[in-house]
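Each chain, written out:
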Amino acid sequence: NSLLLLVAIGSLAWAAIGRFAAPQPIATGTVMTVAAIGIVVNGASALLFLRGSHVDLNARGAFLHMAADAAVSAGVVVAAALTAWLGWTWLDPAASLAIAVVILLGTWGLFRDSLHLMFDGVPTTIDLDAVRAELAALPGVARVTDLHVWATGTTDVALTAHLAMPGGHPDDAFFRGAADRMRERFAIGHVTLQATRETLMTPCDADVAAPEQHASHVH
């Protein structure tokens, strides 16, 4: 969706630049009527996706697409009205370029987050250090290693980790409680934990800087 929007922005900007060199007359009445209908339809559609856009990347993409269409329609109405009133033929391509910039600013974030998801990055809503600290605070846990956190979809997050527990292997209640804490605090719905008496993986040095949020595999 973000790529399609970027292509549309490029086409819009290219056409606008061409109109600066060769201005064309505009049927302002027809343009304003059609654009006004577009504002209502696209604006109402965008509102349907507004709530889900904060947690679901797909819903966010749909919201941005509809909101962008509504913004385009609003810009068209304003440009057509001013053109009819003042006769400024350059206003139409200028408005097109302004709209392209506005859409670009919103779309770039969606494109960046989509790439982050594709490469199994740690979701931006999750503090990896906080997750590690929460696991380390569980009863009997001496060390947390091989911690992996990644998104399995636009709303689902998975976690795997190794817990060094010198006191022995915990029971099912321990793992159930750990999974509940991950779900309640970080909205991580898929939790897989391995517990052994000794550390199986080579732990990261405690003095090493905090792991980057874009790396999903942290030991």
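The shown structure was predicted, so the numbers you read here are calculated from the model rather than taken from an experiment.

Undergrad: Describe the overall build of the protein, naming the residues involved and giving the relevant values.
TA: Counting secondary structure elements, the protein contains 6 helices and 4 strands. The order of helices and strands in the protein, counted from the N terminus, is α-α-α-α-α-β-β-α-β-β. The burial tally for the protein puts 33% of its 219 residues in the buried class. Taking the contacts inside the protein whose residues are at least 6 apart along the sequence as the reference set, 71% of them involve residues at least 24 apart. As displayed, the protein has an accessible area near 12,600 Å², and 64% of this comes from carbon and sulfur atoms.

Undergrad: I'd like a description of the pattern of salt bridges, backed by residues and values.
TA: A full pass over the atoms with the stated rule returns 3 salt bridges. Where Arg 181 meets Glu 134, a salt bridge forms, and the shortest distance between an N and an O atom there is 2.6 Å. Note that Arg 181 is positioned in helix 6 (residues 172-186) and Glu 134 in helix 5 (residues 128-136), a separation of 47 residues in sequence. According to the relative accessible area criterion, Arg 181 is partly exposed, its value standing at 28%.

Undergrad: Go over the packing of helix 5 against helix 6 with me, naming the residues and quoting the values.
TA: In contact at an axis separation of 11 Å, helix 5 and helix 6 are set at 150 degrees when each is read in the N-to-C sense. Relative to helix 6, the element helix 5 lies roughly antiparallel. Read as a crossing pair, helix 5 and helix 6 show a hand that is right-handed. In contact with Ala 130, Val 131, Glu 134 and Leu 135 of helix 5, helix 6 contributes Arg 181, Met 182, Arg 185 and Phe 186. Split by residue class, the contact of helix 5 with helix 6 holds 5 nonpolar, no polar and 3 charged.

Undergrad: Which residues make up helix 5, and what values go with them?
TA: All of the buried residues along helix 5 are Leu 128, Ala 130, Val 131, Glu 134 and Leu 135. All buried residues of helix 5 project into a common sector of 160 degrees when viewed along the axis, lining one side. Measuring from the side-chain oxygen of the N-cap residue of helix 5 to the backbone nitrogen of Asp 129 gives 3.1 Å; that N-cap residue is Asp 127.

Criteria and cut-off values
Residues numbered from 1 in each chain as written. Predicted model: local features only at pLDDT ≥ 70, side-chain atom pairs only at ≥ 80, totals over all residues. Heavy atoms only, no water. Helix = DSSP H or I, 4+ residues; strand = E, 2+ residues; numbered from the N terminus. Buried < 20%, exposed > 50% of the residue type's maximum accessible area, 1.4 Å probe, protein only. Contact = heavy atoms within 4.5 Å. Areas by Shrake-Rupley, 256 points an atom, 1.4 Å probe, with all protein chains shown as cover. Salt bridge = Lys/Arg side-chain N within 4 Å of Asp/Glu carboxyl O. Axes fitted to C-alpha atoms, helices over the stretch in contact; angles between N-to-C directions. Parallel < 35°, antiparallel > 145°, perpendicular 65-115°, else oblique. Left-handed = near helix turned anticlockwise from the far one by under 90°. Nonpolar A, V, L, I, M, F, W, Y, C, P; charged D, E, K, R; others polar. Arc of directions from axis to C-beta. Polar contact = N/O pair within 3.5 Å; in protein donor to acceptor, adjacent residues only side chain to side chain.

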